[in-house]
Amino acid sequence: MNRIETAFTHIKKEGKLAMMPFLVAGFPNFSQSLKILKVLSQHSDLLEIGFPYSDPLADGPVIQKADQVALKAGSTTSKVFELIKNLRLTTEIPITVLVYANLVYQRGIEKFYRDARNAGIDGVLIPDVPFEEISIFLKAAKKYNIDNIYLIATTTTPRRLNKITKVAQGYLYLTSVVGITGTQKDIPRKTLQYIKQIKRQTRLPIAVGFGISNLSQVKKLKINGADGVIIGSSLIKLIQKSNTNNPQTLINFLKNLNY
Amino acid sequence: MKSYFGKFGGQFVPETLMPSLLELEKAYERFKKNESMQAELKKLQRDFIGRPTSLYFAERMSKATGQKIYLKREDLAHTGAHKINNAIGQGLLAKFMGKSRIIAETGAGQHGVATAAACAKLGLECVVYMGEVDMERQQPNVIRMRLLGAKVVPVTSGSRTLKDAINEAIRDWITNIETTHYMIGSVLGPHPYPTIVRDFQAVIGREARSQILSSEGRLPDYLVACVGGGSNSVGLFHQFINDSKVKMIGVEAGGYGIRSGKHAARFAGGREGILHGTKSFVLQNADGQITETHSISAGLDYPSIGPEHVFLRELGRIKYVSATDEEALSAFRYLSETEGIIPALESAHAVAYALKLAKKLPNKKLIIINLSGRGDKDLPEMEKGLKI
């Protein structure tokens, strides 16, 4: 079993929902980012780390801003790998990365996945690579034993989902709303029903993200069969507001969402 | 339908959009075969857009250069540029698909105005995303869009130009996918857009080909067009692709000059990459972060280019060059004074290169320049630069 499988198996046994914070690597800068990630790794079940990108079209304003801050602070693809390598020295938590296609493509697809392996990354999600374009990425992922995390939405038809579950690994990342990250809404009933539908088609764990920020959302997701929640924009907003030298605020925030 | 042109193109979009792209592709196949839709498109092209646009013999310019230069007058199309060809086409397609809301991005504002006009005509709701920088430099078009009933949303992220307007439009589309058709304005974006937009713009070349045959009795030696995303150029070139003797030249925005690094000449400073749903040629840094571009012309100020262009360039069928801001400005003035036609700053890039080319060529070559739009929208900016 790899780290991701182990984590979800463990969480399931405990009857809990996996807590999966998302942060942008190098935000607000390299050292702070590493420090925050180290702290979060002790209070969550899986870390999702974003490679900052100039044109993150699946993301809302909060994450785009964080991307810009990180890039301005000098974040590069190599530095993100270095950061994760450093983090990996201190923790065995599963780490997945969210990275836009062009960054993977420019590094060289094969080299990207090799570097990911060397940095101790367990899964890669490329939000702008749908099933139709996945094959070249999948080949490299398989070669380096990296899980291919796949993004789905309620617009994904059962027929597409069947194809997708054949190539998806680790967990399915379901967007809570049809939209971009950080959209603050109650979880639509459609999403909750959709979770049940997916469960009939696959045994992959389902992690729900996009706009998760309060306990009532988390409860609803749990009751309807979700296996994990991804907390991104709301956490990043908190880092922007609070003093990052005091990570207790972040820990408390995550603890309050634990269910 | 093929989603790639050689190895360029594809569908690099979030899963959320895929079902809609597949739906669009299917609907477009039906739309092409639907006789009443095609008849309506023809009627709108004639009565609303004012097609065919003329192929105008630029007599004084020809005399001055020793060549025979024709201008394909897309500036005479309704709303003042070729963009309306695509907007009316996609507007009909959207109605055919039962979509009630249209979103679009715009750089120079020409696609925005065309979209707003098409939506007003066809009774569709219209939202246009436009970078703040572009709103400033193309103010007249902002007013026109609003008059035509469109909501213009200023985009304040990133470089606040066309690239960022596209990001915002895609975000809107992801969020409102069920009701909304995204009307992409150029031969860009994920499949099937590059093909759909090209098909709607190919009317330019079909007309030009028959017009030049009837006035000159032969095919042209050269076709010259400016290339931002690349819709006016592909529109003119497409019908001539198999005429191997017709040379085709695309003119990119050279900005302050290629050496300055401040330009939008993808083939001079870019390399293969993925942006806005398509694999193409992209201006970017070593990591693949998209770099900010510069051009005096908002419509050419974009870091990527339509994937079919990259394919045709690889085949050696189209040659790409660039014209600087300064060259475009001087061509802008030249055409105004010599032919009585004020070109769009975008089209002025094509005129600038054609003038350069005309001076080098042996006499009596037959050249068609695509005059993709008129320059009224650029007047406020020109006032600053040209000291009119």
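Owing to the predicted nature of the structure, the values given are computational and were not obtained by experimental measurement.

Caption draft 1: Seen up close, the sheet that holds strand E14 (residues 366–371) of chain B. All names here are of chain B. With mixed pairing, six strands are arranged side by side in an open sheet as E3-E4-E14-E9-E10-E13. Two strands in the sheet have a free side with no partner beyond their single neighbour: strand E3 (55–57) and strand E13 (318–324). Sheet twist, expressed as the average angle between the axes of neighbouring strands with direction ignored, equals 25°. As paired strands, strand E9 (residues 222–226) and strand E10 (residues 247–255) are joined by five bridges and run parallel to one another. From the neighbouring strand, Ala 225 faces E10, where its bridge partner is Gly 250. Strand contacts of helix H10 (residues 203–216): E3, strand E4 (68–73) and E14, with the helix running at about 140° to E4, the strand carrying the most contacts.

Caption draft 2: Geometry of the UniProt feature "modified residue: N6-(pyridoxal phosphate)lysine" (unreviewed entry) in chain B. All names here are of chain B. According to UniProt, the "modified residue: N6-(pyridoxal phosphate)lysine" (unreviewed entry) feature falls on Lys 83. Structurally, Lys 83 can be placed in helix H4 (residues 83–96). Looking at Lys 83, the relative accessible area reads 15%, which means it is buried. For Lys 83, the residues in contact, after removing those within four places along its chain, are Gln 110, His 111, Ala 114, Gly 185, Ser 186, Gln 201 and Ser 231.

Caption draft 3: Just the interface of chain B and chain A, in detail. Each side of the interface is counted separately: chain B has 36 residues, and chain A has 38 residues. Across the chain B/chain A interface, buried area totals approximately 3,000 Å², and carbon plus sulfur atoms make up 49% of it. Three residues, B:Glu15, B:Arg171 and B:Asp287, lead the burial of chain B against chain A; their summed loss comes to 24% of the area buried on that side. Notably, a salt bridge pairs A:Lys190 with B:Glu178, separated by 3.3 Å at the nearest N-O pair. Our count for the chain B to chain A interface comes out at 24 residue pairs in polar contact (both at pLDDT 80 or more).

Caption draft 4: The arrangement of the environment of A:Pro94 in detail. Residues and elements named next belong to chain A. Within the secondary structure layout, Pro 94 lies in the loop between helix H4 (77–88) and strand E3 (95–98). The buried category is assigned to Pro 94, whose relative accessible area is 4%. Between the alpha carbons of Pro 94 and Gly 120 there is a distance of 8.8 Å; along the sequence they are 26 residues apart. Not counting residues up to four positions away in its chain, the partners in contact with Pro 94 are Arg 3, Ile 4, Ala 7, Asp 45, Leu 46, Leu 47, Arg 88 and Asp 122.

Rules of the game
Residues numbered from 1 in each chain as written. Chains lettered and ligands numbered in written order. Predicted model: local features only at pLDDT ≥ 70, side-chain atom pairs only at ≥ 80, totals over all residues. Heavy atoms only, no water. Pairing = 2+ DSSP bridges. Helix = DSSP H or I, 4+ residues; strand = E, 2+ residues; numbered from the N terminus. Axes fitted to C-alpha atoms, helices over the stretch in contact; angles between N-to-C directions. Contact = heavy atoms within 4.5 Å. UniProt positions renumbered as here; feature names shortened; annotations may be inferred. Buried < 20%, exposed > 50% of the residue type's maximum accessible area, 1.4 Å probe, protein only. Buried area = accessible area lost by both parts, 1.4 Å probe. Salt bridge = Lys/Arg side-chain N within 4 Å of Asp/Glu carboxyl O. Polar contact = N/O pair within 3.5 Å; in protein donor to acceptor, adjacent residues only side chain to side chain.

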